[in-house]
Amino acid sequence: MSKSGRVFITGYGIITSIGKNAEENLQSLVDQRHGYGDIDILKTAHSHDLRCCEIKITDEELRRLSGGTGSGLTRTTLLGLTALREAVHHAGLSAQDLTKSGLLSSTTTGGIREFEHDFFNILDLERHGDFEQFADTAIPGDHSERLASQVGIHNYVATLSTACSSAANAIMQGAALIRSGRLECALCGGSEALSKFTINGFNALMILDNEHCRPFDATRRGLNLGEGAAYLVLESEARVERLKKKPLAVLAGAGNANDAYHPTASSPDGTGALKAMRLALSHGGVDAADVNYVNAHGTATENNDLSEGTGLKRLFADNLPPFNSTKPYTGHTLAAAGSIEAVYSILALQHGMVWPSLNFNTPIPELGIRPVTKLERNMSIRNVLSNSFGFGGNTSSLLISAV
Amino acid sequence: MPQTLDELKQELKQELIKQLNLDEVLPPDFNENTPLFGEGLGLDSIDSLELVVLLDRNYGIKLKDPKEGRQIFQSIRTMAEYIHANRPQA
Amino acid sequence: MQGKAHIYINGTACISPQRTFDGFALNDPVNYTSNVLTCVTPDFKAYLPAAQLRRLGRMLRVGLTTSIICLRNSGVTAPDGIITATGYGFLEDTERFLREIIERKERQLTPTHFMQGTYNALAGIVGLSLHCTGYNNTYVSKGYALGSALDDAIIQIRDAAELNLLVGAYDEAVSVQYKSVARDGHFKKEQIDSLKLFEHQTQGSLQGEGAAFFLLSGIQTAQTICRLTGHYGLFQPSADELKNELESFLSSHNTSLAELDLWIAGFSGDVDRDQNLRALAEGTLSSIPQARFKHLTGEYCTADGFALWLGANIVKSQSVPASIMTPPSRTPGRIKKVLIVNHYLDRNYNFFLLDRPKS
């Protein structure tokens, strides 16, 4: 356990295709209602052959929902702002608190959706128009600065981008900054909007399923893309005690490792996954035997689920705790997945529930493991592992524990 | 006149060099039977995806499952034979 | 609270618009006349096998080669972790993929440019090349990208001094980036000689690029170049805040102004955006010998990487390249402490304090 005090989670905010706040997300999970469907808002040639977990809220509506003001707010920023405001409110942070807090956000695509939409206009300096507000919002670092400006955070603003493990790393680094004494309060997470760039990139890698994804199933064929955002509010133990706050959970541990196997594929023996999970557990001083639930990365690609499943078996041997992938509900939200699934992990802990891993029928022959397939209630959940693995071999795992 | 198998093999070799930047990597004894993946040229799964696209763009053949590529892309010869047998008639 | 380990820079390397890959004398600096400064590169074949080279775009080659040179200099072959930093990443690959998407109407696309355009591509490739399964992260905080990466590395090393962490920063000068920021006046409208950047009191800077890598550790070795005594980042400070924070920063490291032998100033050449830094230069730091570098590198999000590389080598070699001094006559003699104050667009400010370690 850390000598410098624990890092508490005192609030969260989330928006996905299954709900625009935590309460709606929870209800959807309990009702087993997923967000997989037609692509309506984003204009893409693939709306005929692919489905995604798109958030059925237009950018204009998101502006109203998030209270975003001014220009240059991309959909990624607006989604992030919606979730961030909920987190701020949930944790009871005042404007004064925010000026002293840090923001660590993450995204893989940033404002690429707007950039691709007005590509030729933006690159022709003779042309002028509304699109100019999005000329320089493509890069990931932009959205964090906008978010910080919209909610009034100035002390510390950083952006991470490690593909699908991004938000988990943002949470991990926020906790590190708190333990080091640099910050007392950090808002950490990620945001991702759907884009043609991502849809076509993943399609070119041939890892999309044109049906609803089936994590950990023998017949799985790939992932579904989704969009969304989520943030955790992390506060130091000293601050929580001083302000007599009631924390929701503890960010007990975090592990970051690299598979070092291939630019876009995970190693078949789950090396990176295993290392990240072990690091998170040892960091938190928790034994594998005390883990009550694992929210797997579970993208339903042939490669990930086999690799991650192998890592799970190596870590837990015959005592594999209940596990699922929540990606059939939300789609793979790329950078935001780490924080969205951290919120789900906290909800599981708070409500003693594990939701079924949808579309599972037959175990992967090499593994023989089965995720949870019906709603489990009244569970005693004290320790949750949440995995997020990305391109570039980035493997991260968060350990979230009851207070 | 439809393309002969030999002409196709020559064309494929040039296409591969161009598409996969193989200029400085081709071993001197490279021939139509040199294994493209693993030992031999050492191409990997990303190259395999490039070849799937090449099959589609240049020869109108769509592979649904990338795993089919393993057999087809073993060598220039196997690629040429597959294309020759499966390309849509002009 | 944090552990107390010192932070040492035990290896460093830089590829930039000057010949810096094999030395730092910066003699005969290269002059650019198009307002765009691009890297002077070594023969990559001397560092990377052909099989790997064929896969990599230009900047990935630059980044990977820089990391290799840094590791060679440090004598460390297996770092414990890799952290990279970039503002705009590999935007050229992203642009190529976008063009293909549009031109081919989203059909028959190949994944290479999509993958090479990801922001953590370099960290992934370095990790893969070294078979490093340790910590791996990438920061993209625009002008604070390197700062964020260093914060991460420093926290880890303070708790575990024996760690060797490889930290690298890079950005690419490409047309798509130029155009995305042109409307915001990042770069000069008039074409100038880059070496005469500071003679033009006009708006805008020059577009630059580069990669710089550092091997950081809590243990001093025979390869140690200098100590990174302190680092601090500020977001959009006023002139007063900049002055006060600098004074706090120095005093928190028990360093008086009089002890500074040199300061490296990140003047960008943009007369408006340089205002706050100028106030500092004419006020608090007026009596300290001043060096500048963006006439050699141009401006980019991670230009502080070049400054850090430069400062570290100055401390190690005890010599200051003539091409960076302003004015040249103020070159200091013995150099023990070097301060770097860099800014990006007058938004992100970074202080670095470098020390000559006791041998």
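It should be emphasised that the depicted structure is a prediction, and the values quoted were computed from it without experimental measurement. (Residues numbered from 1 in each chain as written. Chains lettered and ligands numbered in written order. Predicted model: local features only at pLDDT ≥ 70, side-chain atom pairs only at ≥ 80, totals over all residues. Heavy atoms only, no water.)

Colleague: Would you take a moment to explain the overall build of chain C for this structure?
Modeller: Helix and strand content of chain C: 11 helices and 11 strands. For 359 residues, the compact-globule formula gives about 21 Å, and the C-alpha radius of gyration of chain C, at 20 Å, lands near that figure. Seen through its C-alpha atoms, chain C measures out along the principal axes to roughly 65 × 50 × 40 Å. Counting across all 359 residues of chain C, residues that qualify as buried make up 66%. A separation of at least 24 residues holds for 77% of the contacts in chain C among residues at least 6 apart in sequence. Accessible area for chain C stands at about 12,100 Å²; split by element, carbon and sulfur atoms hold 48% of it. Averaging the locations of the 34 positively and 35 negatively charged side chains of chain C gives two centres separated by 4 Å. (Helix = DSSP H or I, 4+ residues; strand = E, 2+ residues; numbered from the N terminus. Rg over C-alpha atoms; globule rule 2.2 N^0.38 Å. Buried < 20%, exposed > 50% of the residue type's maximum accessible area, 1.4 Å probe, protein only. Contact = heavy atoms within 4.5 Å. Areas by Shrake-Rupley, 256 points an atom, 1.4 Å probe, with all protein chains shown as cover. Lys, Arg positive; Asp, Glu negative; His and termini not counted. Charge placed at Lys NZ, Arg CZ, Asp CG, Glu CD.)

Colleague: It is not clear to me how the overall build of chain B should be interpreted in this structure. Could you clarify?
Modeller: A tally of helices and strands in chain B yields 4 helices and 0 strands. Going residue by residue from the N terminus, the α and β elements of chain B occur as α-α-α-α. For 90 residues, the compact-globule estimate of 2.2 N^0.38 gives 12 Å, and chain B sits close to it at 12 Å. Dimensions of chain B, computed from C-alpha atoms along their principal axes, come out at roughly 35 × 30 × 20 Å. By the burial criterion, 41% of the 90 residues in chain B qualify as buried.

Colleague: When you look at the packing of aromatic side chains in this model, what are you seeing that I'm missing?
Modeller: Aromatic ring pairs are reported here in terms of the distance separating the ring centres and the angle at which the planes meet. Inspection of every chain in the model, using the stated rule, returns 16 aromatic pairs over all chains. With a centroid separation of 5.8 Å and an interplanar angle of 65°, the aromatic rings of F202 of chain A and F114 of chain C are classed as edge-to-face. With F202 of chain A in helix α9 (residues 196-204) and F114 of chain C in helix α4 (residues 112-116), this pair bridges two chains. Overall, the relative accessible area of 4% leaves F202 of chain A in the buried class. Here F249 of chain C and F351 of chain C contribute two aromatic rings whose centre-to-centre distance is 5.4 Å and whose plane-to-plane angle is 45°, an arrangement assigned as tilted. (Phe/Tyr/Trp six-rings, centres within 6.5 Å; stacked < 30°, edge-to-face > 60°.)

Colleague: How do you make sense of empty space enclosed by the protein when you look at a structure like this?
Modeller: Taken as a whole and assessed by the stated rule, the structure comprises 6 cavities of 30 Å³ or more. Here the largest cavity is characterised by a volume of approximately 210 Å³. In terms of lining residues, the largest cavity is bounded by 17 residues, among which T108, T109 and F197 of chain A together with F114 and T118 of chain C are the most central. Here the lining of the largest cavity gets 3 residues from one element, more than from any other, and that element is α9 of chain A. (1 Å grid on protein atoms, 1.4 Å probe; cavity = no way out; pocket = protein on both sides within 12 Å on 5 of 7 lines; lining within 4 Å. Points joined across faces, edges and corners; volume = space filled by probe spheres on them.)

Colleague: Please explain the nonpolar core as it appears in this structure.
Modeller: Note that soluble globular proteins tend to have their nonpolar side chains buried in a common cluster. Judged by nonpolar contacts, the single largest core of 104 residues is most densely connected at L234 and W355 of chain A together with I264, L310 and I314 of chain C. Both domains that furnish three or more residues to this core are identified here as domain 1 (8-243) and domain 2 (253-401) of chain A. Ignoring anything within four residues of it in the chain, the contact list for L234 of chain A reads V7, F8, I9, I171, G174, A175, I178, E184, C185, A186, C188 and L251 of chain A. Judged by nonpolar contacts, the second largest core, of 45 residues, contains I122 and L223 of chain A together with F187 and C301 of chain C. (Core = buried A, V, L, I, M, F, W, Y, C linked by side-chain atoms within 4.5 Å. Domains from an automatic or database assignment.)

Colleague: Would you mind going over the interface of chain C and chain A with me for this structure?
Modeller: Accessible area lost when the parts come together is the quantity often used to give the size of an interface. With 54 residues of chain C at the contact, the number on the chain A side is 65 residues. Contact with chain A buries area across many residues of chain C, yet E106, F114 and R183 of chain C alone supply 15% of it, more than any other trio. Connecting chain C to chain A are 4 salt bridges. Of the charged contacts in the structure, one is a salt bridge between E145 of chain A and K142 of chain C, with a shortest N-O distance of 4.0 Å. Those elements giving two or more residues to the side of chain C that touches chain A turn out to be α3 (91-103), α4, α5 (121-130), β3 (135-139), α6 (145-159), α7 (175-182) and β6 (226-235) of chain C. Taken together, the residues that form the side of chain C that touches chain A break down as 24 nonpolar, 19 polar and 11 charged. (Buried area = accessible area lost by both parts, 1.4 Å probe. Salt bridge = Lys/Arg side-chain N within 4 Å of Asp/Glu carboxyl O. Nonpolar A, V, L, I, M, F, W, Y, C, P; charged D, E, K, R; others polar.)

Colleague: Explain helix α1 (residues 22-31) of chain A here, please?
Modeller: For the α-helix, the turn length of 3.6 residues means that residues three or four positions removed from each other point alike. Residues and elements named next belong to chain A. Taken as a whole, α1 has its buried residues at A22, N25, L26, S28, L29 and V30. Buried residues along α1 sit in contact with β1 (7-15), α3 (75-90), α13 (327-330) and α14 (337-351). Capping the start of α1 is the job of one residue whose side-chain oxygen sits 3.2 Å from the backbone nitrogen of E23: N21. Two residues or fewer after α1 comes Q32, characterised by a positive phi angle close to 55°. (Polar contact = N/O pair within 3.5 Å; in protein donor to acceptor, adjacent residues only side chain to side chain.)

Colleague: I tried to follow the interface of chain A and chain B on my own but got confused; where do I start?
Modeller: The interface of chain A with chain B comprises 6 residues on the first partner and 9 residues on the second. Scanning the region where chain A abuts chain B turns up 1 salt bridge. Here K67 of chain B makes a salt bridge to E302 of chain A, at a shortest N to O gap of 2.8 Å. Between chain A and chain B we count 2 residue pairs in polar contact (both at pLDDT 80 or more) in total. Here the side of chain A that touches chain B is composed, by residue class, of 3 nonpolar, 2 polar and 1 charged.

Colleague: I tried to follow the side chain of T326 of chain A on my own but got confused; where do I start?
Modeller: Residue and element names in this part refer to chain A. Structurally, the position occupied by T326 is in the loop between β8 (323-324) and α13. Classification of T326 by relative accessible area gives buried; the value is 0%. Leaving out residues up to four positions away in the same chain, T326 has contacts with Y293, N295, E341 and Y344.

Colleague: How should the confidence of the model for chain C be read in this particular structure?
Modeller: If pLDDT is low for a region, its predicted coordinates should not be looked at in detail. Summarising the model, chain C shows a mean pLDDT of 95, and 99% of its residues fall at 70 or more. Two numbers describe this predicted complex: its pTM, 0.97, and its ipTM, 0.97. (pLDDT = per-residue confidence, 0-100.)

Colleague: Would you mind going over the pairing of strand β6 (residues 249-258) of chain A with me for this structure?
Modeller: Residue and element names in this part refer to chain A. Counting buried positions along β6 yields 10 of 10 residues, so the element is predominantly enclosed. One ladder, built from 2 bridges, connects β1 with β6; its direction is antiparallel. Residue pairing for β6: I9 is matched across the bridge by A249. (Pairing = 2+ DSSP bridges.)

Colleague: Please clarify how the pairing of strand β11 (residues 348-355) of chain C should be interpreted in this entry.
Modeller: Each regular strand displays side chains that alternate between the two surfaces of the sheet. All names here are of chain C. Of all the 8 residues making up β11, 8 are buried; the element is thus mostly covered by neighbouring parts of the structure. On β11, burial covers both faces: N348, N350, F352 and L354 on one face and Y349, F351, L353 and D355 on the other are all buried. Note: β6 against β11, 8 bridges, orientation antiparallel. Looking at β11, one finds that Y232 is bridged to F351. In this structure, strand β10 (residues 337-344) lies alongside β11, joined through 8 bridges in antiparallel fashion. Each bridged residue has a counterpart across the sheet, and for V341 the counterpart in β11 is F351.

Colleague: Got a minute to help me understand the pattern of salt bridges in this structure?
Modeller: Across all of its chains, the model carries 46 salt bridges over all chains by this definition. The network of salt bridges with common partners includes D97, E235, R239 and K245 of chain A.

Colleague: Honestly, the packing of helix α2 (residues 59-66) of chain A against α3 of chain A in this entry has me stumped. Any pointers?
Modeller: Angle between the axes and distance between the axes are the two parameters that describe a pair of packed helices. Residue and element names in this part refer to chain A. The geometry of α2 relative to α3 is characterised by a closest axis approach of 9 Å and an angle of 30° between their N-to-C directions. One way to sum up the angle between α2 and α3 is to call them roughly parallel. Note that α2 runs across α3; the crossing there is left-handed. Seen from α2, the contacting residues are D59, L62, R63, L65 and S66; seen from α3, they are R75, L78, L79, L81, T82 and R85. (Axes fitted to C-alpha atoms, helices over the stretch in contact; angles between N-to-C directions. Parallel < 35°, antiparallel > 145°, perpendicular 65-115°, else oblique. Left-handed = near helix turned anticlockwise from the far one by under 90°.)

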